[in-house]
Amino acid sequence: MLIPLILSGGSGTRLWPVSRRNLPKQFLSLTGRGTLFQQAVVRTQLLPDVVSPIVIASEDQRFLAAEQLLETSVQDAVIILEPMARNTAPAIALGALQAIERDPEALLLVLPADHLIGDADSFAKGVNLALPAAREGWLVTFGIRPDRPETGFGYIKRAESIGEHTFRVDRFVEKPALATAESYLAEGSYDWNSGMFLFKAARYIEELGQHAPGMLEAVRQAFASARADLDFVRVDAEAFAKVPDSSIDYAIMEKTTRAAVVPVSCDWSDIGSWTALWLAGAKDEHGNHREGDTIAINTRNSLICSHERHLVATVGVEDLLVVTTPDATLVAHRDAAQDVKKVVDQLKAADRSEHSLHRVVHRPWGSYDSLEAGERFQVKRIMVKPGAALSLQKHHHRAEHWIVVSGTAEVTCDDKVFLLSENQSTYIPLGSVHRLRNPGKVPLEIIEVQSGIYLGEDDIVRIEDAYGRT
């Protein structure tokens, strides 16, 4: 049995301002059809003897993962929630323990959710080539054949062959300087470290017990205390907090004597920066990758992305990254793409919300867009999916006015339940117990005007909630 393990954590800070903690890059449609996460899931279903995946997701992104899985039509996936980030080694251990419960002999195909693979057939061929070594107990990683001297990736040096197009790993190398990367490309036995793996789940647990026994014991305790919650497996937070933070490369792959590598050329990119997206994306005759409403005059070799109907125009520029969202704009030289993370660090230090929240915030019931805010007021556009409902709630510091733009709203306000149609409105007094529900078959859109002395999202007292958030 081949079980895909999709690692969907991470915040994608180098793709700010589009990728943020509440909607990171793996859940965005950056290239091709569907989001990167959905592409990863669908890609695995083309493999032989494959079953539904195990997904490792963060608490903040659990509903994104669940909803996007439903859109792929993949059934019976297991979503394990990490209470906090602890890097790839513990995340894979959680997936391995879950896989062993399903099948003690299960093979685990570990895939980050934020990778782009343009050639799915070559990827599938690489997985098939790796299967014999994985069945024999090797921990197989996939090396990407380099086509340029890249300094943003780690490398794997191949040793002797142990099977068809499969080699023992000689060593792992950290991100090199440019001259070193050029020498690796010329030498020919170095591949990019993709972060994708294939091995028996039981072999991974065995190696983790040998090289990081404390980590394995802590993960076992957290997994043993896990509980089902709606569509999720919720790992015990107190136990998981004791798990050391470590990558699979550092914890196991650099230490084991049974590491193997299968080199593949599958048009791969980890989309780790805006420059990586520029390299992977389609370009016009002047080398520009453009998305959205853009005008480019005398502009070359640049990435220009406009989001949410915002016009971006460039004149007489070269090698730039220009990315705009409703609440933030990034302008950077392409060579400085890796430093975008420093902007996010400064936003965090200043306690500004733009590092984690978009103006449009997605919720399991739909989304809201903060249109305007000022002294003692805030205006939002709220979309509720058909059949969905917000929690039954109240506020201590604000009142709300609701105006229906389209669809039909079922409103609960204290002891009253009534319907509103287009152009009708209602008032929710401060302290009233209320709920908004969409009883129809089309999306419900309303304008909400909040007024009061405090308008923060933490002024919500949930009394009942279909999504377990009370």
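Everything numeric in this text was worked out from a predicted model, so none of it was measured. The written sequence of each chain sets the order in which its residues are numbered from 1. Where totals are concerned, whole chains, interfaces and linings use all residues; where local detail is concerned, this predicted model gives features only for residues with pLDDT of at least 70, and gives and counts side-chain atom pairs only at 80 or more. With hydrogens and water set aside, each side-chain value is computed from the structure's full complement of heavy atoms.

Peer 1: Even after reading the chapter, I still don't get the packing of helix H1 (residues 36-44) against helix H2 (residues 62-72), so can you show me in this structure?
Peer 2: The packing of two helices is summarised by the inter-axis angle and the distance between the axes. Taken N-terminus to C-terminus, the directions of H1 and H2 make an angle of 50 degrees; their axes are 10 Å apart at the nearest point. Compared by their axis directions, H1 and H2 come out oblique. Classified by chirality, the crossing of H2 by H1 is right-handed. Counted together, Phe 37, Gln 38, Val 41 and Val 42 of H1 and Ala 65, Gln 68, Leu 69, Glu 71 and Thr 72 of H2 form the full contact between these two elements. All amino acids are sorted into three groups, where Ala, Val, Leu, Ile, Met, Phe, Trp, Tyr, Cys and Pro are nonpolar, Asp, Glu, Lys and Arg are charged, and the leftover types, Gly among them, are polar. For the contact of H1 with H2, the per-class residue count stands at five nonpolar, three polar and one charged. Each axis is a line fitted through C-alpha atoms, taken for helices only over the stretch in contact, and angles between the N-to-C directions span 0 to 180 degrees. Counting from the N terminus, the helices are the DSSP runs of H or I reaching at least four residues and the strands are the DSSP runs of E reaching at least two. An angle below 35 degrees is treated as roughly parallel, one above 145 as roughly antiparallel, one from 65 to 115 as roughly perpendicular, and anything else as oblique. Note: crossing handedness is left-handed where the near helix turns anticlockwise from the far helix by less than a right angle, and right-handed where it turns clockwise. The contact rule is simple, with two residues in contact once any of their heavy atoms fall within 4.5 Å.

Peer 1: Can you walk me through the layout of surface pockets in this structure?
Peer 2: Rolled over the atoms, a probe sized like a water molecule indicates the empty space that remains. In this analysis, the protein atoms alone were mapped onto a 1 Å grid. Cavities are point sets where a 1.4 Å probe fits without being able to get out; pockets are open sets with protein on both sides within 12 Å along at least five of seven lines; lining residues have an atom within 4 Å of a point. Grid points are joined across faces, edges and corners, and a volume is the space filled by probe spheres set on the points. Each pocket or cavity is described by its volume, and for the second largest pocket that value is around 1200 Å³. Around the second largest pocket, the lining comprises 46 residues; the ones closest to its centre are Asn 22, Leu 357, Val 361, Arg 363 and Tyr 368. Contributions of two or more residues to the lining of the second largest pocket are made by H2, strand E20 (360-363), strand E21 (366-374) and strand E22 (377-384). The element contributing the most residues to the lining of the second largest pocket is E21, with seven residues. The class makeup of the residues in the lining of the second largest pocket is 15 nonpolar, 14 polar and 17 charged.

Peer 1: When you look at empty space enclosed by the protein in this model, what are you seeing that I'm missing?
Peer 2: Applying the stated rule across the entire model yields one cavity of 30 Å³ or more. The volume enclosed by the largest cavity comes to roughly 210 Å³. Within the residue set of the lining of the largest cavity, elements represented by two or more residues are E22, strand E24 (398-406), strand E28 (434-437) and strand E29 (444-452). Residue composition of the lining of the largest cavity, by class: seven nonpolar, four polar and nine charged.

Peer 1: Whenever I open this one, the sheet that holds strand E19 (residues 328-333) confuses me. Can you help?
Peer 2: The strands that make up a sheet are held in pairs by hydrogen bonds between backbone atoms, and each pair lies either parallel or antiparallel. Should DSSP find at least two bridges between two strands, the strands are regarded as paired. Taking strand neighbours across the sheet as the criterion, the four strands line up as E14-E16-E18-E19 in an open arrangement whose pairing is mixed. The open sheet has two edge strands, strand E14 (289-291) and E19, and neither has a second partner. Sheet twist, expressed as the average angle between the axes of neighbouring strands with direction ignored, equals 5 degrees. The pairing of strand E16 (residues 303-306) with strand E18 (residues 320-325) spans four bridges and is classified as parallel. Residue pairing for E18: Ile 304 is matched across the bridge by Val 322.

Peer 1: Explain the packing of aromatic side chains here, please?
Peer 2: Two aromatic rings are characterised by how far apart their centres lie and by the angle between their planes. Any two of the Phe, Tyr and Trp rings considered here, Trp counted by its six-membered ring, make a pair once their centres fall within 6.5 Å; the pair's planes then place it as stacked at under 30 degrees, edge-to-face at over 60, or tilted in between. Counted according to the given criterion, the structure contains ten aromatic pairs. Pairing Phe 199 with Tyr 204 gives two aromatic rings, centres 5.2 Å apart and planes at 15 degrees, and the pair type is stacked. Each of the two residues, Phe 199 as well as Tyr 204, counts as buried. Pairwise contacts between aromatic rings join Phe 63, Phe 232 and Tyr 467 into one cluster. The rule is short: NZ of Lys or CZ of Arg within 6 Å of the ring centre and within 35 degrees of the ring normal puts a charge over the ring. In this arrangement the basic side chain of Arg 334 is found over the ring face of Trp 278, its NZ or CZ atom lying 3.6 Å from the centre. Whether a residue is buried, partly exposed or exposed follows from its accessible area with a 1.4 Å probe, protein chains only, as a fraction of its type maximum: under 20%, in between, or over 50%, in that order.

Peer 1: Even after reading the chapter, I still don't get the sheet that holds strand E27 (residues 425-428), so can you show me in this structure?
Peer 2: Overall, antiparallel pairing links the six strands, which are arranged E20-E21-E22-E29-E24-E27 in an open sheet. Edge strands, defined here as strands with exactly one partner in the open sheet, are E20 and E27. Here the average twist between neighbouring strands, direction ignored, is 20 degrees. Inspection of the sheet shows E21 paired to E22 by eight bridges, in the antiparallel sense. Pairing of Tyr 368 across the sheet is with Ile 382, part of E22.

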